[in-house]
Amino acid sequence: MKILQGRIGLLGSLALAGCATAPRLDTPPASPADASPPGFTRAIRTDVLDPNFLTEQLPKTSRAIKAMSDGSVDILALSGGGAGGAYGAGILVGLTNADQRPVFEIVTGVSTGALIAPFAFLGPDWDGRLTEAYRGEATDKLLVSRGLGILFGSSVFEGEPLLALVARFVTDDLIDAIAKEAETGRILLVATTNLDREETVIWNMGAIAQEGGDRARELFRAVLVASASVPGVFPPVMIDVEKDGKKFQEMHVDGGASTPFFIAPDIAMILGEPPENLRGAHIYVIVNGPAASAPRTTLNNPVDVASRSFTTVMNHMTRTALVQTSIFAERGDMTFAFTAIPSEVVFAGPLAFDQLSMRETFDYGMRCATRGLAWTNAQQALDHAETVGTVVTPVDTAACPRLQDPK
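Residues numbered from 1 in each chain as written. Predicted model: local features only at pLDDT ≥ 70, side-chain atom pairs only at ≥ 80, totals over all residues. Heavy atoms only, no water.

J.: Before we move on, could you go through the overall build of the chain and cite the residues and values that matter?
T.: Tallying secondary structure elements over the chain gives 13 helices and 9 strands in all. When burial is assessed residue by residue, the chain has 52% of its 407 residues classed as buried. For the chain, the share of sequence-separated contacts (at least 6 apart) that also reach a separation of at least 24 residues comes to 80%. (Helix = DSSP H or I, 4+ residues; strand = E, 2+ residues; numbered from the N terminus. Buried < 20%, exposed > 50% of the residue type's maximum accessible area, 1.4 Å probe, protein only. Contact = heavy atoms within 4.5 Å.)

See below:
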């Protein structure tokens, strides 16, 4: 909580500064479907409200998946949550340990979930790299304060450590492996928030990887960095695009600013009925943090009030998305299960990237999944919440809730 309070306090100081920002090109007067990064020969992203994605692209891909598999589609959505990504990474490794990890034909990621998504997409062979990325050593120096530089920029912390972290783990070998999987019809999607349009943009990372070369690697990394760049905490990412031969720029930040996680674009919820070829799919959601907080007395000061208000908004966004996903799954005769850090477990917070906190959170998730206790559903979560008191338990000693496999 002290870390989050510090974040709120530092962010508040930005309001006092007449920030000198770097010049940039105008944003295109068009949707992402009309303007695109230069040099790419295929559609690599979609507007969150683009019906073509749901009615044409996604069904076409799901038909290819069903033709090559056992006829079922397993979909994994990874939420935002900053340092809470250690929980989701641990869950995936634990599922491997328990021999209960599906081959996810569709993987989506937001914020820290976007950084996990490539490893989840590629499967257990990449668990070693996922563990290295999320068990603490790699992120221990992620937060480097800009000091007085916050008065003349757009973020509290330097952006270079996040760039270096992504470059370290998003190698040419990883991108090539994703391109090969994408050729089979599998889908890897990542969300960013376009601040200029105040909308979610969904990037087809498999399509980007298939382009190959330096341009693909640079954009692949840029999208992941943008998706993980919490506004005000890390600098935004400027992405060059073209339309009708004219050059523009878009400002992209954390996908979690507009959606906590996603199974399909918002248009899916609006149209109501899932594509026929996705009926019977199995949906899994990993919430990289709590979806509720244990009760405690809020201190009567601006920092604590602001901090608790921020947590309240994020928790309610997550729970609303879980309810919407549950309804979407029911309409499509799909199974739906999710996992999150229980509210009674002490969680150091989304900015606790120190090695000890990351290791404890990772090990807790791994321990739960290894024991076969990863997944729950809406009714089980509600029943569990009714039995939880105000006592909180350290993450390193907490027992996993008694949950079950949704199938």
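J.: Kindly report on the pairing of strand β6 (residues 237-243), identifying the contributing residues and their values.
T.: Every regular strand shows the same layout, with side chains that alternate between the two sheet faces. Pairing between β6 and strand β7 (residues 246-254): 7 bridges, direction antiparallel. Bridge pairing in β7 places E242 opposite K247. (Pairing = 2+ DSSP bridges.)

J.: Hey, could you go over the packing of aromatic side chains for me, with residue numbers and the actual values?
T.: Aromatic ring pairs: the centre-centre distance and the angle between the two ring planes describe each pair. Across all of its chains, the model carries 4 aromatic pairs by this definition. Arranged with centres 4.8 Å apart and planes meeting at 55°, the rings of Y284 and W375 form a pair that is tilted. Taken together, the residues Y284 in strand β8 (residues 282-286) and W375 in the loop between α12 (355-370) and α13 (378-387) connect sequence positions 91 residues apart. Assessed through its relative accessible area of 3%, Y284 is described here as buried. With 6.0 Å between their ring centres and 25° between their planes, F336 and F338 make a pair best called stacked. Using a relative accessible area of 11% as the deciding quantity, one classes F336 as buried. Each member of the aromatic cluster is reached from another via a ring pair, and the members are F104, Y284 and W375. (Phe/Tyr/Trp six-rings, centres within 6.5 Å; stacked < 30°, edge-to-face > 60°.)

J.: Which residues make up helix α4 (residues 112-122), and what are the values?
T.: Summarising burial for α4: 11 of the 11 residues are buried, a large majority. Taken together, the buried positions of α4 are occupied by T112, G113, A114, L115, I116, A117, P118, F119, A120, F121 and L122. G123 sits one or two residues past α4 and shows a positive phi near 95°.

J.: Can you break down the nonpolar core residue by residue, with the values?
T.: By size, the foremost hydrophobic cluster in this structure holds 81 residues, and its most contacted members are Y134 and F220. When near neighbours in sequence (up to four residues on either side) are disregarded, F220 contacts P118, V170, L174, I175, I178, L188, M205, I208 and A209. (Core = buried A, V, L, I, M, F, W, Y, C linked by side-chain atoms within 4.5 Å.)

J.: Tell me about the pattern of salt bridges, and please be specific about residues and values.
T.: With the rule as written, the count across this model stands at 11 salt bridges. A salt bridge links D363 to R135, with the nearest nitrogen and oxygen atoms 2.8 Å apart. Residue D363 is located in helix α12, and its partner R135 is located in the loop between α5 (127-134) and α6 (160-169); the two are separated by 228 residues in the primary sequence. For R135, a relative accessible area of 32% translates into the label partly exposed. Of the charged contacts, one joins R217 and D172 as a salt bridge, the two residues approaching to 3.2 Å between their closest N and O atoms. One end of the pair, R217, is in helix α9 (residues 213-228); the other, D172, is in helix α7 (residues 172-183), and 45 residues separate them in sequence. With a relative accessible area of 40%, D172 lands in the partly exposed category. Residues participating in the shared-partner salt-bridge network are R129, E132, E137 and R168. (Salt bridge = Lys/Arg side-chain N within 4 Å of Asp/Glu carboxyl O.)

J.: Hey, could you go over the pairing of strand β2 (residues 74-78) for me, with residue numbers and the actual values?
T.: The buried fraction of β2 amounts to 5 of the 5 residues, a majority that puts the element mostly inside the structure. Neither face of β2 is open: one carries D74, L76 and L78, the other I75 and A77, and all of them are buried. Of the strand pairs in this sheet, β2 and β8 are connected by 5 bridges, and their pairing is parallel. By the bridge assignment, L76 is partnered in β8 with Y284. Relative to strand β3 (residues 106-110), β2 runs parallel, the two sharing 4 bridges.

J.: Describe in detail the environment of P235, supporting the description with residues and values.
T.: Summarising the element assignment, P235 is placed in the loop between α9 and β6. As a C-alpha pair, P235 and F157 span 78 residues in sequence and 7.7 Å in three-dimensional space.

J.: So what's going on with the confidence of the model for the chain? Which residues, and what values?
T.: Scored by pLDDT, the chain has a mean of 81; 74% of the residues are at 70 or more. The low-confidence segment residues 1-20 (pLDDT under 50) makes 36 contacts with residues lying over four places distant or belonging to another chain. Between residues 402-407, whose pLDDT stays under 50, and residues either more than four places distant or in other chains, the model counts 17 contacts. (pLDDT = per-residue confidence, 0-100.)

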